[in-house]
Amino acid sequence: MRTVEFTLRHYLATHGLSAYRLAQAARGRVSERTVYALARGEASRVDLGTLAAVMSTLEELTGEPVSPADLLTAVTVPGPDREARTWLDGDASHLGEFEPYDWGGTDPYTLGEPVRVGPDGEIVIGGE
C-alpha cells in the first residue's frame, strides 16, 4: 500500500529554517497551527490553496523555486503479514458466547513459552 507524507520538516532543516520562521512569514495566508502540523508530519490532508501558500512563502524565504515534490513523498507501507491477515480475516463474532477460561489461580503469563506462526506457516514455540 502507498501513502503520501509531508517532508516539510526535512525541507526546513535543509534550508536552515524553522517552523516558527515559516509560520511568521506565512501569517495571514496559513495558520500557525497548520504550519506546525505540516512540519511535524501530523497533517493527513491539506487544501491545495494552503499547499500553494506554503510553497510561495518558502520561495520568498529561500529565493528558490519550490514544487509539491519538495514537500511531499510517496511511501510504501507494508501490509499485514500472513499471520495478521489470518487473524483479521477470522470470524470472532461468537467469542462473546463463551465464559473466560478459568486458570485456577495460576498466572497464565508464567506458563510455557510464547508460540507464533513462522514465515512458512509452521508453529514456532519459544525462540526456536
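Note that the structure is a prediction, hence the values are computed from the model and not measured. (Residues numbered from 1 in each chain as written. Predicted model: local features only at pLDDT ≥ 70, side-chain atom pairs only at ≥ 80, totals over all residues. Heavy atoms only, no water.)

1. A look at the layout of surface pockets
Then, number 1: In this structure, the largest pocket spans a volume of roughly 190 Å³.
Then, number 2: If you go around the largest pocket, the residues you meet are Val4, Glu5, Phe6, Gly41, Ala43, Ser44, Arg45, Val46, Leu48, Leu51 and Leu72.
Then, number 3: Listing elements by their share of the lining of the largest pocket, those giving two or more residues are strand 1 (2-6) and helix 4 (48-62).
Then, number 4: Among the residues forming the lining of the largest pocket, the class breakdown is seven nonpolar, two polar and two charged. (1 Å grid on protein atoms, 1.4 Å probe; cavity = no way out; pocket = protein on both sides within 12 Å on 5 of 7 lines; lining within 4 Å. Points joined across faces, edges and corners; volume = space filled by probe spheres on them. Helix = DSSP H or I, 4+ residues; strand = E, 2+ residues; numbered from the N terminus. Nonpolar A, V, L, I, M, F, W, Y, C, P; charged D, E, K, R; others polar.)

2. Points about a nonpolar patch on the surface
Then, number 1: The grouping of Tyr101, Trp103 and Leu111 at the surface amounts to a nonpolar patch, some 380 Å² of accessible area in total.
Then, number 2: Tracing the sequence through the fold places Tyr101 in the loop between helix 6 (82-89) and strand 3 (115-117). (Patch = residues over 30% accessible without salt bridge, like charges linked within 9 Å, V, L, I, M, F, W, Y side chains within 5 Å. Areas by Shrake-Rupley, 256 points an atom, 1.4 Å probe, with all protein chains shown as cover. Salt bridge = Lys/Arg side-chain N within 4 Å of Asp/Glu carboxyl O.)

3. A look at empty space enclosed by the protein
Then, number 1: For the coordinates displayed, the defined rule picks out one cavity of 30 Å³ or more.
Then, number 2: Of the voids in this model, the largest cavity is the one considered here, and its volume is about 30 Å³.
Then, number 3: In this structure, the largest cavity is lined by Phe6, Leu8, Leu38, Leu51, Val54 and Leu71.
Then, number 4: Residue composition of the lining of the largest cavity, by class: six nonpolar, no polar and no charged.

4. Examining the UniProt feature "domain: HTH cro/C1-type" (unreviewed entry) in the protein chain
Then, number 1: In this numbering, the UniProt entry assigns the feature "domain: HTH cro/C1-type" (unreviewed entry) to residues 8-59.
Then, number 2: Structurally, residues 8-59 is divided into 67% helix and 0% strand, and its ends, taken at the C-alpha atoms, are 13 Å apart. (UniProt positions renumbered as here; feature names shortened; annotations may be inferred.)

5. Comments concerning the nonpolar core
Then, number 1: Core analysis: the largest hydrophobic core is formed by 20 residues, its most contacted members being Leu8, Leu12, Leu22, Val54, Leu58 and Leu71.
Then, number 2: Secondary structure elements with two or more residues in this core: helix 1 (8-14), helix 2 (19-25), helix 3 (32-40) and helix 4.
Then, number 3: At five residues, helix 4 tops the list of elements feeding residues into this core.
Then, number 4: Excluding residues within four positions of it along the chain, Leu22 makes contact with Leu8, Leu12, Val35, Val54, Thr57, Leu58 and Leu61. (Core = buried A, V, L, I, M, F, W, Y, C linked by side-chain atoms within 4.5 Å. Buried < 20%, exposed > 50% of the residue type's maximum accessible area, 1.4 Å probe, protein only. Contact = heavy atoms within 4.5 Å.)

6. So, the side chain of Thr57
Then, number 1: Secondary-structure assignment places Thr57 in helix 4.
Then, number 2: With residues near it in sequence (within four places) discarded, Thr57 still touches Leu22, Ala25, Ala26 and Arg29.

7. Quick look at the pattern of salt bridges
Then, number 1: Per the counting criterion, the structure on display carries three salt bridges.
Then, number 2: Arg27 is paired through a salt bridge with Glu32; the nearest N and O atoms lie 3.4 Å apart.

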